[in-house]
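For reference, the chains in residue letters:
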Number of protein chains: 2
Amino acid sequence: MKNLFADRMSKVPRSFVREILKVTENPDIISFAGGLPNPLSFPHNELAEAAALVLSNSSKALQYSSTEGYEPLRDYIANRYHLSGLDVSSDNILITNGSQQGLDLVGKIFLNRGDAVLIERPTYLAAIQAFGLYEPKFVSVPLLDDGVDLNILKNMVETFNPKIFYSVPNFQNPTGITYSLEKRKEIGKIFNKNHTIFVEDNPYGEIRFMGDDLPPVKKYLKKSILLGSFSKIVSPGMRLGWIVADNEIMNNLVTAKQASDLHSNFLSQMIVHQYLSDYDVETHLNKIRKMYKIQRDCMTTMIKKYFPSDVKYTRPEGGMFLWVTLPEGMSSMELFEIALDDNVAFVPGEAFYSDDPELNTFRLNFSNSDVKKIEEGIKRLGNSIKQLELK
Amino acid sequence: MKNLFADRMSKVPRSFVREILKVTENPDIISFAGGLPNPLSFPHNELAEAAALVLSNSSKALQYSSTEGYEPLRDYIANRYHLSGLDVSSDNILITNGSQQGLDLVGKIFLNRGDAVLIERPTYLAAIQAFGLYEPKFVSVPLLDDGVDLNILKNMVETFNPKIFYSVPNFQNPTGITYSLEKRKEIGKIFNKNHTIFVEDNPYGEIRFMGDDLPPVKKYLKKSILLGSFSKIVSPGMRLGWIVADNEIMNNLVTAKQASDLHSNFLSQMIVHQYLSDYDVETHLNKIRKMYKIQRDCMTTMIKKYFPSDVKYTRPEGGMFLWVTLPEGMSSMELFEIALDDNVAFVPGEAFYSDDPELNTFRLNFSNSDVKKIEEGIKRLGNSIKQLELK
C-alpha cells in the first residue's frame, strides 16, 4: 500500500541509542551507553509511604484532573524557582509527561513545515526526533568548552531566522558542557533583539556536584521556554516534567497538551508532591550529587590512566555524561564494534548530529555504573582504542 | 509578533466542555456536563495495596522503561482479548497515556495536511481536537440508532478516500449509540475493499449493563486500529490506555510514541498490573455496571416523567452518556443559559460536530451523579425546557 503513513514519519531518525540498549541488555556487557540515573538514588520507600498517604485519603488522585497539572505541585516548582532568583508563577507552569513531552508540545505549537530550528552541535538525539516530526529544517551551531560559539550563533540567527533555538545549558547531553555566566548574558542580548524563542532544557541542573550554580539563561531573556524534569531528581519512570512559559505561549501549550493526552498522570503528581512535602529534597539531591561525583571522578581518573594521551574528554561539573574525542580520522563506530567484542558499550557520537557528524566522538554515561564497573569498563575501552589505533 | 505560532494551532477548536466544567465547579450546580466516572467505583484501597507491593519489591517501577510498555500488562490485555475471541498478541499492543494519546499518535503517523478524516456525526469532541492538530479535512457520516448510515458511509469513502474513519461503536460519546452486529459485519465488507483505516475507539465497551456483548468491529477487518483504556475500568487519573495495531503500523506508532514522551508512566503500569493480578476484575466491573445501570435507569425514568413528550432521547445499554434531541427549531444553547440559572448543566450538542451542528441536541452524563441528584437535576431541566418552549 502506497503512502499509508504521513510524510513526517520519514523525517524521524531511528534511535541508535535504543538499538544499542537492546544489545547491552546482555549482563556481561559493561554499558556506558544508556542515559539512566543510578537506581540506588530512587527514594522507593519514601514514595511508597507517599503513595499510601495519597491513596488512603481519597479517590481524588484517581479521577480526571486539570490539563495544567496539580496546583500544589506547580506551586512547589514555582517556589523552588523563587529560591534561585527566578520570578515564576504557578500559572506559567504546565506539568508534562517528562520533559520529552515538553519538546513535542513545543514542536506542535511553534513549528510549521520548513521552519528553521537551531540546535547545538552535537545535541540531544531525542530532541531531533521530537522536533523532526514537525518537519523543520535543522541548522546547528558548534559547542565550545563554555557553551555555543557566539559568533556563529549570531550569524545563524540572522541568516536563518530560526523559530526556536534548542539548548541544554547545564551539563549538556551528550557533551557534559555548561554555558559560562558571560555566555548566558551575551545570549540574552542576542535573543532579545530577534524573534527566535530560546528553548532552555534543564534536566540536569540540580545535579551539580562541583563548582557554583549558574542562573538559568531565562533570567536574561524577555521571551523563552524553560523545561524542567523530576526524572533525574526523583524518578524517570513516573514521567513527570514541566514547561515554564509566558501566558500567551502557555495558552497554546495547554490547548496542545489537552488535545495530546488531556493531562499528565495525576496519581504520580500527587505522590511526588507528597514526597517533596514530607522529605527534604536537598538531602536527597546531595546524596545523588555525592554518588555521581564519585563515579565521574572515577571515570576521568581511569580515562587518564587507560586511554592514550591524545584522546580528549570533557570534565563535567554535573549531570550524567562526558564526551570523548578521538584523534582526527579515527571512527568511534569502528571503535564501537571492537569494544562490543570486549563487552563494553557507549554511544558513537554520530547519533547526536542532525547532519555532518564528527565521526571521532562518543558519549560515556557515568551515572549508572559503580566505580568497580567504571574502572573495568574504561580499562577495556582503553584497550579497544589501542586496538583501533593499530589497525 | 506575527506568526509566532504554527498554523495548526488555529485548527483546534476550544473545548467548550472545558469551559463548561469551569462553570460547574460551583457545588450548587447539578452537572450532567462532564464525562467523569463515578469516583465511588475507584478501587483506591486495592490500588494502595498494589502500590505498596510494587514499590517495596524494587526500584524498577521508578526507572526508565520500554516505549512499548510493561510486558506483563500487555500480556494481560492480549489475554483479555483472547477471552472475547480476538486473536491479539502483546507485540501488537502499545501502552499510551490514556486513549486520548492514542488519537494523537494515530494523527501523527497517518495524517498529512489536507487528508480526509471521516468521523461520526456527532462525534467525540477531543478526537476533533487531536486530529485537528494535523490539519486534515473532516467529513462526517450521520449516526442512526444502530450505528452509522451505511449508504452515506460507502458514498463518503468512495468520494473522499479518507485516510482514517474514527468510530466509537460501543455506547458512543456523545450519543450512547451502539453499532448492531449486522452493521459491524457490513462495515468489515466495506473497509476490506479500500485503503481507509478503521480506527475503533472502545473506552466504554466493558461498561455494558444491559443486553449482550458484541464483538469488536476489528474482528471483521483486515487492517484496523483498536484503542482501549483503563480510564473507565480502573482510574482515569492514572492515564493508561493502549493501541492494538499490526506490526507495520506498530513500528510507526512506537517511533512516534518514543519521540513524543519516551514511554508511559511505568509506576502506574506496574500498579495497575498488580491490581489486575490480585483482584477479580469481573467483580469490580459488575459493581460499576450495576451502579451505572441504576443511574441510567433513573435518568431515563425521570426524563419520561419531567421532559415534554416531544423531546427524544437515546436509551444506551452501557457507557456514561445519553443524547437528547429537542423539537426542531429549539436551541440547546439557549436552553443551557436558562438551565444554568436553574443550577443544572449539560453540554450543548454543537460541541460535538466539526461543522453544520444540529443545534437542538445535547448530551447528558449519568455516570457521575447519584439518583437523588439525577431526579432533582432532570426535574429542573424539564422546567428549563418548558420555559424555553414558552419563549
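As the structure is a prediction and not an experimental result, all values here were calculated from the model.

Conventions adopted
- Residues numbered from 1 in each chain as written.
- Chains lettered and ligands numbered in written order.
- Predicted model: local features only at pLDDT ≥ 70, side-chain atom pairs only at ≥ 80, totals over all residues.
- Heavy atoms only, no water.
- Helix = DSSP H or I, 4+ residues; strand = E, 2+ residues; numbered from the N terminus.
- Rg over C-alpha atoms; globule rule 2.2 N^0.38 Å.
- Buried < 20%, exposed > 50% of the residue type's maximum accessible area, 1.4 Å probe, protein only.
- Contact = heavy atoms within 4.5 Å.
- Areas by Shrake-Rupley, 256 points an atom, 1.4 Å probe, with all protein chains shown as cover.
- Lys, Arg positive; Asp, Glu negative; His and termini not counted.
- Charge placed at Lys NZ, Arg CZ, Asp CG, Glu CD.
- Buried area = accessible area lost by both parts, 1.4 Å probe.
- Salt bridge = Lys/Arg side-chain N within 4 Å of Asp/Glu carboxyl O.
- Polar contact = N/O pair within 3.5 Å; in protein donor to acceptor, adjacent residues only side chain to side chain.
- Pairing = 2+ DSSP bridges.
- UniProt positions renumbered as here; feature names shortened; annotations may be inferred.
- Domains from an automatic or database assignment.
- Nonpolar A, V, L, I, M, F, W, Y, C, P; charged D, E, K, R; others polar.
- Least-squares fit on C-alpha atoms with pLDDT ≥ 70 in both.
- Axes fitted to C-alpha atoms, helices over the stretch in contact; angles between N-to-C directions.
- Arc of directions from axis to C-beta.
- Parallel < 35°, antiparallel > 145°, perpendicular 65-115°, else oblique.
- Left-handed = near helix turned anticlockwise from the far one by under 90°.
- Phe/Tyr/Trp six-rings, centres within 6.5 Å; stacked < 30°, edge-to-face > 60°.
- Lys NZ or Arg CZ within 6 Å of the ring centre and 35° of its normal.

Draft legend 1. Spatial organisation of the overall build of chain A. Secondary structure summary: chain A contains 12 helices and 14 strands in total. For chain A, whose C-alpha radius of gyration is 21 Å, the value lies close to the compact-globule estimate of 21 Å for 391 residues. Each principal axis of the C-alpha atoms in chain A carries an extent, and together these give about 65 × 55 × 50 Å. The burial tally for chain A puts 65% of its 391 residues in the buried class. Once local pairs closer than 6 in sequence are excluded, the contacts in chain A between residues at least 24 apart make up 76%. For chain A, the exposed area adds up to about 14500 Å²; of that, 49% sits on carbon and sulfur atoms. Within chain A, one finds 44 positive and 48 negative side-chain charges whose respective centroids are separated by 1 Å.

Draft legend 2. Focus on the environment of A:V244. All names here are of chain A. Along the chain, V244 turns up in strand β9 (residues 241-244). Separated by 218 residues in the primary sequence, V244 and N26 place their C-alpha atoms 40 Å from one another. Excluding residues that lie within four positions of it along the chain, V244 makes contacts with Y81, V88, N92, I93, K218, S224, I225 and L226.

Draft legend 3. The arrangement of the interface of chain A and chain B in detail. Listed by partner, the interface residues are 75 residues for chain A and 75 residues for chain B. Buried surface at the junction of chain A and chain B, summed over both partners, amounts to about 6400 Å²; 58% is from carbon and sulfur atoms. It is A:F5, A:L62 and A:Y64 that lose the most area in chain A upon contact with chain B, and together they represent 11% of the buried surface on that side. If you look at where chain A meets chain B, you find 2 salt bridges. As a salt-bridge pair, B:K108 and A:D104 come within 2.8 Å of each other at their nearest N and O atoms. Where chain A packs against chain B, one counts 38 residue pairs in polar contact (both at pLDDT 80 or more). Those elements giving two or more residues to the side of chain A that touches chain B turn out to be α2 (44-57), α4 (98-110), α5 (125-132), α8 (247-261) and α9 (266-278) of chain A.

Draft legend 4. Structural detail: the sheet that holds strand β13 (residues 347-348) of chain B. Residue and element names in this part refer to chain B. Spatially, β10-β11-β14-β13 is the arrangement adopted by the 4 strands of the open sheet, whose pairing is antiparallel. Edge strands, defined here as strands with exactly one partner in the open sheet, are β10 (312-313) and β13. In this structure, β10 lies alongside strand β11 (residues 321-325), joined through 2 bridges in antiparallel fashion. Considered in β11, the bridge of Y313 is made with V324.

Draft legend 5. Fine view of the UniProt feature "domain: Aminotransferase class I/classII large" (unreviewed entry) in chain A. When the UniProt feature table is mapped to this numbering, "domain: Aminotransferase class I/classII large" (unreviewed entry) covers residues 45-381 of chain A. Helix makes up 43% of residues 45-381 of chain A and strand makes up 16%, while its end C-alpha atoms are separated by 36 Å.

Draft legend 6. Quick peek at the domain arrangement of chain A. All names here are of chain A. With domains assigned, chain A is organised as domain 1 (7-42 + 283-390) and domain 2 (60-278). Computed from C-alpha atoms alone, the centre-to-centre distance between domain 1 and domain 2 is 25 Å. The interface is formed by 37 residues belonging to domain 1 together with 34 residues belonging to domain 2. A per-residue breakdown of the area domain 1 buries against domain 2 is headed by R289, E317 and F352, which together make up 19% of the total. Our enumeration of links across domain 1 and domain 2 arrives at 5 salt bridges. Among the ionic pairs, D7 bridges to R113, the shortest N-O distance being 3.5 Å. Among the elements of the structure, α1 (16-23), α10 (281-306) and β11 (321-325) are those that each provide at least two residues to the side of domain 1 that touches domain 2. Considering each element in turn, the side of domain 1 that touches domain 2 owes the most residues, 7 residues, to α10. Taken together, the residues of the side of domain 1 that touches domain 2 sort by class into 19 nonpolar, 6 polar and 12 charged.

Draft legend 7. Just the relation of the copies chain A and chain B, in detail. Expressed as a screw operation, the relation of chain A to chain B combines 0.0 Å of axial shift with a rotation of 180 degrees, fitting to an RMSD of 0.0 Å. Here the two chains are linked by the operation of a two-fold rotation axis. Looking at the interface residues of chain A, 100% of them are also at the interface in chain B, so both copies use one shared face.

Draft legend 8. Structural detail: the sheet that holds strand β4 (residues 137-144) of chain B. Residue and element names in this part refer to chain B. Spatial strand order, β2-β9-β8-β7-β6-β3-β4-β5: 8 strands in an open sheet with mixed pairing. Each end of this open sheet is capped by a strand with a single partner; those strands are β2 (93-96) and β5 (147-148). In terms of strand pairing, strand β3 (residues 116-121) meets strand β6 (residues 164-167) through 3 bridges, oriented parallel. Residue pairing in the sheet places I119 in a bridge with Y166 of β6. Contacts from helix α4 (residues 98-110) reach β2, β6, β7 (197-201), β8 (224-229) and β9 (241-244), with the element oriented near 155 degrees to β8.

Draft legend 9. Broad picture of helix α6 (residues 150-160) of chain B. All names here are of chain B. Among the residues of α6, L150, L153, M156 and V157 are the ones counted as buried. All buried residues of α6 lie within an arc of 120 degrees about the axis, which places them on one face of the element. The exposed set on the far side of α6, more than 90 degrees from its buried face, consists of N151, E158 and T159. Contact partners of the buried residues in α6: β3, β4, β5, β6 and α7 (181-191).

Draft legend 10. Representation of the side chain of B:N173. Residues and elements named next belong to chain B. Within the secondary structure layout, N173 lies in the loop between β6 and α7. Side chain to side chain, N173 and R363 meet in a polar contact 2.8 Å long. Contact partners of N173, with chain neighbours within four places excluded, come to T123, Y124, V168, Y204, F321, F352 and R363.

Draft legend 11. View of the packing of helix α3 (residues 71-83) of chain A against α9(A). All names here are of chain A. Running from amino to carboxyl end, α3 crosses α9 at an angle of 50 degrees, the nearest separation of the two axes being 9 Å. When the interaxial angle is binned, α3 and α9 end up oblique. Regarding α3 and α9, the two cross each other, and that crossing is left-handed. The segment α3 lies against α9, with P72, L73 and Y76 engaging Q269, V272, H273 and L276. By residue class, the composition of the contact of α3 with α9 is 5 nonpolar, 2 polar and no charged.

Draft legend 12. Local environment of helix α11 (residues 332-341) of chain A. Residue and element names in this part refer to chain A. Burial in α11 covers these residues: S332, L335, F336, I338 and A339. At the N-terminal end of α11, a side-chain oxygen is found 3.2 Å from the backbone nitrogen of M333, two or three residues along, and the residue is S331. N343 lies just past α11 and shows a positive phi near 60 degrees.

Draft legend 13. Up close: the packing of α4(A) against α8(A). Residue and element names in this part refer to chain A. With their axes 9 Å apart at the nearest point, α4 and α8 run at an angle of 110 degrees to one another. It follows from the interaxial angle that α4 and α8 lie roughly perpendicular. Here α4 runs over α8; the crossing is right-handed. Taking contact as the criterion, the partners of Q101, L105, V106, K108, I109 and F110 in α4 are, on α8, I249, N252, L253, A256, K257, S260 and D261. Partitioned by chemical class, the residues of the contact of α4 with α8 number 7 nonpolar, 3 polar and 3 charged.

Draft legend 14. Structural context of the pattern of salt bridges. Residues and elements named next belong to chain A. All told, the structure shown has 45 salt bridges over all chains when counted by the stated rule. Notably, a salt bridge pairs R208 with E317, separated by 2.8 Å at the nearest N-O pair. Placement of R208 in the loop between β7 (197-201) and β8 (224-229) and of E317 in the loop between β10 (312-313) and β11 is noted, with a sequence separation of 109 residues between them. With a relative accessible area of 8%, R208 lands in the buried category.

Draft legend 15. Spotlight on the packing of aromatic side chains. For the structure shown, the criterion picks out 26 aromatic pairs over all chains. On the numbers, 5.9 Å between centres and 75 degrees between planes, the contact of B:W323 with B:F352 is edge-to-face. Residue B:W323 is found in strand β11, and its partner B:F352 is found in the loop between β13 and β14 (361-365); the two are separated by 29 residues along the sequence. Of the two residues, B:W323 and B:F352, neither departs from the other in class, the shared state being buried. Through pairs of rings, three or more aromatic residues link up here, namely A:F165, A:F191 and A:F198. Over the ring of B:Y313 we find B:R315, and its NZ or CZ is 4.2 Å from the ring centre.

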